[in-house]
Amino acid sequence: MDRQYLIDFDLKQIPTRISDLLIIGGGIAGLTAALIAGDELETTILTKGKIKQSSTWFAQGGIAAAIGDDDSSESHFEDTMEVGANLSDREAVKVIVEEAKEAIEFLIEQGANFDRENGKLRLAREGGHSKARVLHAGDGTGSVIASTLGKAASKKKRLTLHQDRFVIDLLTLGDKCVGALVFDSEKSVVEAHLAAATMLATGGMGQIFDLTTNPIMATGDGFAMTMRAGARMENLEFIQFHPTSFYFDQNPRFLISETIRGEGAYLRDKRGDRFMVSVHRLADLAPRDVVCRAMVEVMKRDDTDHIFLDATHIEVSKLRSRFPGIYKYLKEYGYDLKKDRIPISPAAHYMIGGVKTDLLGRTSIEGLFACGEVASTGVHGANRLASNSLLEGLVFSRRATLNILDNLPAKVNGKEDLIEKGHSPVESGQLENIRADLRKLMTSNVGIVRDSEGLFFAESEISRWKDGLYGRQFDNPAAWEVQNMIDLSGEIILKALARTESVGAHYRVG
Ligand code: SIN
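The notes below deal with the structure included here. Bear in mind the structure is a predicted one, so any value in this text is a computation, not a measurement.

Definitions and cut-offs
Residues numbered from 1 in each chain as written. Predicted model: local features only at pLDDT ≥ 70, side-chain atom pairs only at ≥ 80, totals over all residues. Heavy atoms only, no water. Near = heavy atom within 4 Å. Polar contact = N/O pair within 3.5 Å; in protein donor to acceptor, adjacent residues only side chain to side chain. Areas by Shrake-Rupley, 256 points an atom, 1.4 Å probe, with all protein chains shown as cover. Nonpolar A, V, L, I, M, F, W, Y, C, P; charged D, E, K, R; others polar. Axes fitted to C-alpha atoms, helices over the stretch in contact; angles between N-to-C directions. Helix = DSSP H or I, 4+ residues; strand = E, 2+ residues; numbered from the N terminus. Parallel < 35°, antiparallel > 145°, perpendicular 65-115°, else oblique. Left-handed = near helix turned anticlockwise from the far one by under 90°. Contact = heavy atoms within 4.5 Å. 1 Å grid on protein atoms, 1.4 Å probe; cavity = no way out; pocket = protein on both sides within 12 Å on 5 of 7 lines; lining within 4 Å. Points joined across faces, edges and corners; volume = space filled by probe spheres on them. Pairing = 2+ DSSP bridges. Buried < 20%, exposed > 50% of the residue type's maximum accessible area, 1.4 Å probe, protein only.

This part takes up the site of the ligand. Around the ligand lies a shell formed by Gln60, Gly61, Glu126, His242, Leu255, Ser257, Glu258, Arg288, His349, Arg384, Ala386 and Ser387. Within the side chain of His242, an N or O atom sits 2.8 Å from an oxygen atom of the ligand. A distance of 2.7 Å separates an oxygen atom of the ligand from a polar side-chain atom of His349. For the ligand, the protein covers 94% of the area, taking 260 Å² as the surface of the free molecule. Of the residues that constitute the shell around the ligand, the class distribution is two nonpolar, six polar and four charged.

This paragraph deals with the packing of helix H1 (residues 28-37) against helix H5 (residues 141-153). The interhelical angle for the contact between H1 and H5, taken along N-to-C directions, is 25°, at an axis separation of 9 Å. With respect to H5, the axis of H1 lies roughly parallel. By crossing handedness, the relation of H1 to H5 is classed as left-handed. For the pair H1 and H5, the contacting residues are Ile28, Leu31, Thr32, Ala34 and Leu35 in the first and Ile145, Ala146, Leu149, Gly150, Ala152 and Ala153 in the second. Its residues assigned to classes, the contact of H1 with H5 comprises nine nonpolar, two polar and no charged.

Moving on: empty space enclosed by the protein. For the coordinates displayed, the defined rule picks out four cavities of 30 Å³ or more. A volume near 60 Å³ is recorded for the second largest cavity. Ile239, Gln240, Phe241, Asp289, Cys292, Arg293, Ile448, Ala505 and Tyr507 are the residues that line the second largest cavity. Broken down by secondary-structure element, the contributors of at least two residues to the lining of the second largest cavity are strand S14 (239-246) and helix H8 (288-301). Tallied by class, the residues present in the lining of the second largest cavity amount to six nonpolar, one polar and two charged.

A word on the sheet that holds S14. Across the sheet, which stays open at both edges, the four strands sit in the order S14-S17-S16-S15 with antiparallel pairing between neighbours. Strands with a single pairing partner mark the edges of an open sheet, and in this sheet they are S14 and strand S15 (266-268). Each neighbouring strand pair of the sheet contributes to a mean axis angle of 45°, computed without reference to strand direction. Sheet topology places strand S16 (residues 307-310) next to strand S17 (residues 342-351); three bridges connect them, and they run antiparallel. Counted as the bridge partner of Ile307 is Ile344 from S17.

Here we take up the environment of Ile168. Inspection of the secondary structure puts Ile168 in strand S10 (residues 165-173). Judged by relative accessible area, which is 0%, Ile168 ranks as buried. When near neighbours in sequence (up to four residues on either side) are disregarded, Ile168 contacts Leu6, Ile7, Leu181, Val182, Phe183, Val190, Met225, Arg228 and Trp480.

And the structure:
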């Protein structure tokens, strides 16, 4: 990394706010931390846009927990390990499967209403699970969880929420994180948020690909700023693609939840064949990496860029009641789930690796914690089991925050001496051409199937952009996002080049 900070600043010259705990991000991990700490510590939560723009808000399928009568945490453990290609950290997996029930009870206590049948929580199936264990709220599970947590957190006396704050960089003094440099997008001013503990909960990076299910906020800022601050990262080459994004030219691609296949829908090629039956014992519910690779092969064979999801054999009342959001959305685009096969194709969905943390969310930088998609706890190994992401965000955010309450790092005093200078004069360009080219480059060369020629080409393009931007500074979030996207993509490519074997979501053909 060339330099830690994207812009020049002098801490003594900019407005400064001080908290005990600074939380960056308003998805499941950030809101859980805010809720737990909000009465105990002076807590500030910053969101890049609005709470309704987080990846959590858009999550459809659900949250996994082995709570069914015929289920066990051992079985959830085995499925997580198998889908993760046995590269998962066994201790971390044990933690999420064993703490899942308590975490779900916590959500229900806060008021989360999951679907029930005869009074019992209704459990769905998804790819890679040997049992039905996915709790859901129709097909809007994420928005129900986020609004429940947000509402409960808003009652906390010592919590301040600032929306529309773009975090430019983490501030470090020596080996310690002391907060973040933040752009207030409402007032267009740069300010410092100093804190004894800083928790990153910034979510994912799907927007570095031009086909993604992730909201436009997911540009990988959290990964990039943490890399610049010098924290240890891991497994960045493992990126999960989701098989069933609606085939329509839009950003983000609309996700069609895997739980539809859990309720019996099939994947079909253009001739109508159910190709997954001969590929994997779980057929349409094989792990996502297996399904995506089979789709790529079929699309290549058939010289097409999409296949079909077929739910026409499922009762219309079930489709409507179980998937109201998806049913309505597709109708608006002229497709009827009951009557039509829906065109779909894979899209970038989830960063499996990230900022390395221990089982208490601690990163390699003192005072900096990470939870949710930006973190790599080791749970997902080389590939994430469906619906383990909301669970991981919830379980590890609870653990990290409870630990912070017990062991708050030394407070900052607001007189920290920190100056960055030496960049070129400030520019107001937004780098939108690079953003578009980068997203296409990543989809074409760093996607589901990779080879060294494509990866080296992508690396050379990234180096060219980096050289062109060296030492320059910008005054706006759009440009900072593109700088983050370049930094993160460069690191992903290096890791993908270094891993010459195929494993989990990283598949090399050369
Ligand atoms: C889905 O609903 O298919 C997405 C769930 C997940 O990413 O785990």
